[in-house]
Amino acid sequence: MTTSLTITQPDDWHLHLRDGALLAAVAPESAREFARALIMPNLSTPVITYKQAMEYKERIKSALPHGSDFEPLMTLYLTEKTDPNDIKRAYASGLVLSAKLYPAGATTNSLLGVQNFEKLQPVLECMADIGMPMCVHGEVANHDVDIFDRESVFIDKILDPIRQRLPSLKVVMEHITTTEGANYAKSDPGKLAATITTHHLMINRNNMLAGGIRPHYYCLPVPKREKHRLSLLEAATSGNPCYFLGTDSAPHVDKTKESSCGCAGIYTATNSIPCLAEVFDRANALNKLEGFTSIFGSNFYGLPTNKGKITLTKGLPVTFPHQIKTDDGPVTIFDPNIDIHWQVTS
Ligand code: DOR
Ligand code: ZN
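Residues numbered from 1 in each chain as written. Chains lettered and ligands numbered in written order. Predicted model: local features only at pLDDT ≥ 70, side-chain atom pairs only at ≥ 80, totals over all residues. Heavy atoms only, no water.

Regarding the overall build of the protein chain
- Helix and strand counts for the protein chain come out as 11 helices and 13 strands.
- Relative to the compact-globule value of 20 Å for 346 residues, the protein chain shows a C-alpha radius of gyration of 19 Å, a close match.
- Reported as C-alpha extents along the three principal axes, the dimensions of the protein chain are approximately 55 × 45 × 40 Å.
- Counting across all 346 residues of the protein chain, residues that qualify as buried make up 58%.
- In the protein chain, of all internal contacts separated by at least 6 residues, the share reaching a separation of at least 24 is 74%.
- When the accessible surface of the protein chain is split by element, carbon and sulfur atoms take 50% of a total near 14200 Å².
- Here the protein chain contributes 33 positively and 37 negatively charged side chains, and the mean placements of these two sets differ by 1 Å. (Helix = DSSP H or I, 4+ residues; strand = E, 2+ residues; numbered from the N terminus. Rg over C-alpha atoms; globule rule 2.2 N^0.38 Å. Buried < 20%, exposed > 50% of the residue type's maximum accessible area, 1.4 Å probe, protein only. Contact = heavy atoms within 4.5 Å. Areas by Shrake-Rupley, 256 points an atom, 1.4 Å probe, with all protein chains shown as cover. Lys, Arg positive; Asp, Glu negative; His and termini not counted. Charge placed at Lys NZ, Arg CZ, Asp CG, Glu CD.)

Some points on the sheet that holds strand β6 (residues 134–136)
- The strand order across the open sheet formed by 8 strands is β2-β3-β4-β5-β6-β7-β8-β9, and the pairing between neighbours is parallel. Looking at the sheet topology across the chains shown, the edges are occupied by β2 (11–15) and β9 (243–245). Between one strand and the next, the sheet's axes are offset by a mean angle of 30 degrees, whatever the strand orientation.
- Strand contacts of helix α11 (residues 289–301): β2, β3 (36–39), β5 (96–101), β6, β7 (171–173), β8 (192–196) and β9, with the helix running at about 115 degrees to β9, the strand carrying the most contacts. (Pairing = 2+ DSSP bridges. Axes fitted to C-alpha atoms, helices over the stretch in contact; angles between N-to-C directions.)

A few points about the sheet that holds strand β10 (residues 309–314)
- Strand order in this open sheet of 3 strands is β1-β10-β13, and the pairing throughout is antiparallel. What marks the edges here is a single partner per strand, and that holds for β1 (4–8) and β13 (342–344). When the angles between neighbouring strand axes are averaged without regard to direction, this sheet yields 25 degrees.
- Along the sheet face, helix α10 (residues 272–282) touches β10 and β13 and points at about 140 degrees away from the line of β13.
- α11 rests against β1 and β10 of the sheet, and its axis sits at about 25 degrees to β1.

Things to note about a negative patch on the surface
- Judged by side-chain charge, Asp146, Asp149, Asp156 and Glu180 come together as a negatively charged surface patch.
- Within the fold, Glu180 resides in helix α6 (residues 179–185). (Patch = residues over 30% accessible without salt bridge, like charges linked within 9 Å, V, L, I, M, F, W, Y side chains within 5 Å. Salt bridge = Lys/Arg side-chain N within 4 Å of Asp/Glu carboxyl O.)

Some words on the packing of aromatic side chains
- Following the criterion strictly, the structure yields 8 aromatic pairs and no others.
- Measuring from centroid to centroid gives 6.1 Å for Phe244 and Phe300, while their planes differ by 40 degrees, and the two rings are tilted. Placement of Phe244 in strand β9 and of Phe300 in helix α11 is noted, with a sequence separation of 56 residues between them. Residues Phe244 and Phe300 agree in their burial class; the two are buried.
- The interplanar angle of 85 degrees and the centroid separation of 5.9 Å between the aromatic rings of Phe300 and Tyr301 together place this pair among those described as edge-to-face.
- Taking the relative accessible area as the measure of exposure, Phe300 reaches 8% and is therefore buried.
- In this structure Tyr301 comes out as buried when scored by relative accessible area, which is 8%.
- An aromatic cluster is built from Trp13, Phe244, Phe300 and Tyr301, whose rings are joined through pairwise contacts.
- Directly above the ring of Phe300 sits Lys170, whose terminal nitrogen or CZ lies 4.5 Å from the centroid.
- Above the ring of Phe148, the side-chain terminus of Arg205 is found at 4.5 Å from the ring centroid. (Phe/Tyr/Trp six-rings, centres within 6.5 Å; stacked < 30°, edge-to-face > 60°. Lys NZ or Arg CZ within 6 Å of the ring centre and 35° of its normal.)

Let's talk about the coordination of the zinc ion (ligand 2)
- All of the protein donors around the zinc ion (ligand 2) are His14 (NE2), His16 (NE2) and Asp248 (OD); their distances to the metal are 2.0 to 2.1 Å.
- Counting the intervening residues between successive donors of the zinc ion (ligand 2) yields the motif H-x1-H-x231-D. The exposure classification of His14 matches that of His16, with both residues buried. (Donors = N, O, S within 2.8 Å, 3.2 Å for Na, K, Ca; no water.)

Here we look at the site of ligand 1
- Neighbouring residues of ligand 1: 14 residues in total, closest Arg18, Asn42, Thr107, Leu220 and His252.
- In this structure, an oxygen atom belonging to ligand 1 sits 2.7 Å away from a side-chain N or O atom of His252.
- Ala264 is positioned with one of its backbone polar atoms (N or O) 3.0 Å from a nitrogen atom of ligand 1.
- Contact with the protein chains covers 99% of the free accessible surface of ligand 1, which is 290 Å².
- Residue composition of the shell around ligand 1, by class: 4 nonpolar, 8 polar and 2 charged. (Near = heavy atom within 4 Å. Polar contact = N/O pair within 3.5 Å; in protein donor to acceptor, adjacent residues only side chain to side chain. Nonpolar A, V, L, I, M, F, W, Y, C, P; charged D, E, K, R; others polar.)

Worth remembering: the numbers are spatial, not functional.
See below:
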């Protein structure tokens, strides 16, 4: 039995750090185990321009513990009015890695997102030319499409047509949740990739809804049937470099989750790595963990692999705090719902 595992320090290719009191509380949690993270731009005032991204990056750095070398990598929030020249400047700086497509209304703070996808053509042509990846929240927001079908409809109706028009555009399908998503993501190696979250590997829609509604398991894309979770598990543990970790750790204070209209988002930054070790161990795939958490993402984005290492140790079940405190109120930490035997020991 493996009881200790040393791997290259992980990166988180999809992270919400927020701003203000939440940023102050959550940034140190991600910086403890992750070397770098791709920071999502959906603040209440979205990070649309290069200048806004640089200002936000400074606020993140100020929230890090003294001496931390955690590197926030920035994304811009695409709108129908995004200026291709601003995109070019941002990408050339090396500090902004991608631009994120949010269909308008699909998720938290997405109202300034895209309604008419054809309007993106000039900016996407520019991104394809310079090799800048587009990250996508891959769900349609139409009220006539069932929430459990929104990912597969997005692939057929929006993403595939965009890629047909621009085959050289690099695309990361963020937080895939379905068999269809996992299959599509592997269909064009080097051009197409997908992030998978910790929580979508661990929960299905029953965890969220059977026996009572559990707001801390509600996120978008919404967890699906067990057969889809199994497809994600197969993908993550396959060793295929088109799948890598993006936790989508998305803190909301408890009073906004435990409400008659609760926010979408699961906060997993604190315990993602131990949870993933447990999931990969139970799938007899510990030897595939490092590729998923620490190698494939940086390869796709054309960045060097981290030099640092972390060591995980297996023992008696580990307990994690139930919440982290913030000046805006507590944020509940993801409850893995199974015993976790792994912890990061150095
Ligand atoms: O559950 C989610 N929370 N999904 C998203 O797409 C956004 C995120 C957030 O920002 O809260
Ligand atoms: Zn997200």
